[in-house]
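Below are the chains, spelled out letter by letter.
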Amino acid sequence: MEILSPPKSSNGHMACAMKVPVAVVRLPRGPDGTSRGFDPNSPRFQALGPSSLSSLVTPNTAELEEEQQGRVLLRERYLRSLLAMARQPVSFAMYEKVNVTALFGASDIDILNFQVSELQTPLGVQREALLRCSDIIAYSFEL
């Protein structure tokens, strides 16, 4: 297990302090056999590729760079929120007006599923479970 430390913010201070060691998951080998990445012909790659950027309609490099930087910041914030949720009680609002709570464990690489423990549902407690992100409307946790 490798311990990662968060990057420093623009003012030189730590962005957030990590108290729990985080396992590093390596991506599988890419389609060419040497890189780590995704098949450029896959639907996921094409959906996330440059063609999805609205700035490409106008070939303005400054606008494209600004949009990419905005996406980077939003992705980093979201990934940091997932990291902050680790081993914390999280409340999930799901479809059909179902509210459940659980200890957050992890997310898969595509953020399609959340692994949780001690899932408290209206029908009882499930020791371990996977929640499909498509079934979740919102979630919250204490910082």
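How each quantity is defined
The numbering scheme is per chain: residues are counted from 1 as the chain's sequence reads. Residue-level local features of this predicted model are given only where pLDDT is at least 70; pairs of side-chain atoms are given and counted only at 80 or more, and the full residue set underlies all totals for whole chains, interfaces and linings. Hydrogens and water are ignored here; the side-chain numbers use all heavy atoms of the structure. Think of a nonpolar core as a cluster: buried Ala, Val, Leu, Ile, Met, Phe, Trp, Tyr and Cys residues, connected wherever their side-chain atoms sit within 4.5 Å. Only protein chains enter the calculation, and the probe is 1.4 Å; a residue is then buried if its accessible area is under 20% of its type maximum, exposed if over 50%, and partly exposed in between. Here a strand is any run of E in DSSP of at least two residues, a helix any run of H or I of at least four, and the numbering for each starts at the N terminus. Contacts are assigned to residue pairs that have any heavy atoms within 4.5 Å of one another. A pair is scored as a salt bridge if a Lys or Arg side-chain nitrogen falls within 4 Å of a carboxyl oxygen belonging to Asp or Glu. Between any two strands, pairing holds if DSSP finds at least two bridges.

## Let's talk about the nonpolar core
Thinking step 1. With 16 residues, the main nonpolar core has Phe92, Phe114, Val116, Leu119 and Leu131 as its most contacted residues.
Thinking step 2. Among the secondary structure elements, those contributing two or more residues to this core are helix H2 (61-85), strand S1 (89-94), strand S2 (98-107), strand S3 (113-121) and strand S4 (124-132).
Thinking step 3. Every residue in contact with Leu119, bar those within four places of it in the chain, is listed here: Val100, Thr101, Ala102, Gly124, Val125, Gln126, Ala129 and Leu131.

## Regarding the pattern of salt bridges
Thinking step 1. For the structure on display, the rule yields 3 salt bridges.
Thinking step 2. Arg71 is paired through a salt bridge with Glu67; the nearest N and O atoms lie 3.2 Å apart. Note that Arg71 and Glu67 are positioned in helix H2 at a spacing of 4 residues, about one turn of the helix.
Thinking step 3. Assessed through its relative accessible area of 40%, Arg71 is described here as partly exposed.
Thinking step 4. The exposure class of Glu67 is buried, given its relative accessible area of 19%.

## Notes on the pairing of S2
Thinking step 1. Inspection of the sheet shows S1 paired to S2 by 6 bridges, in the antiparallel sense. Residue pairing across strands places Ser91 opposite Thr101, the latter belonging to S2.
Thinking step 2. Between S1 and the antiparallel strand that follows it, S2, lie 3 residues; Glu96 among them carries a positive phi value of about 65 degrees.
Thinking step 3. Bridging between S2 and S3 involves 5 bridges; their strand directions are antiparallel.

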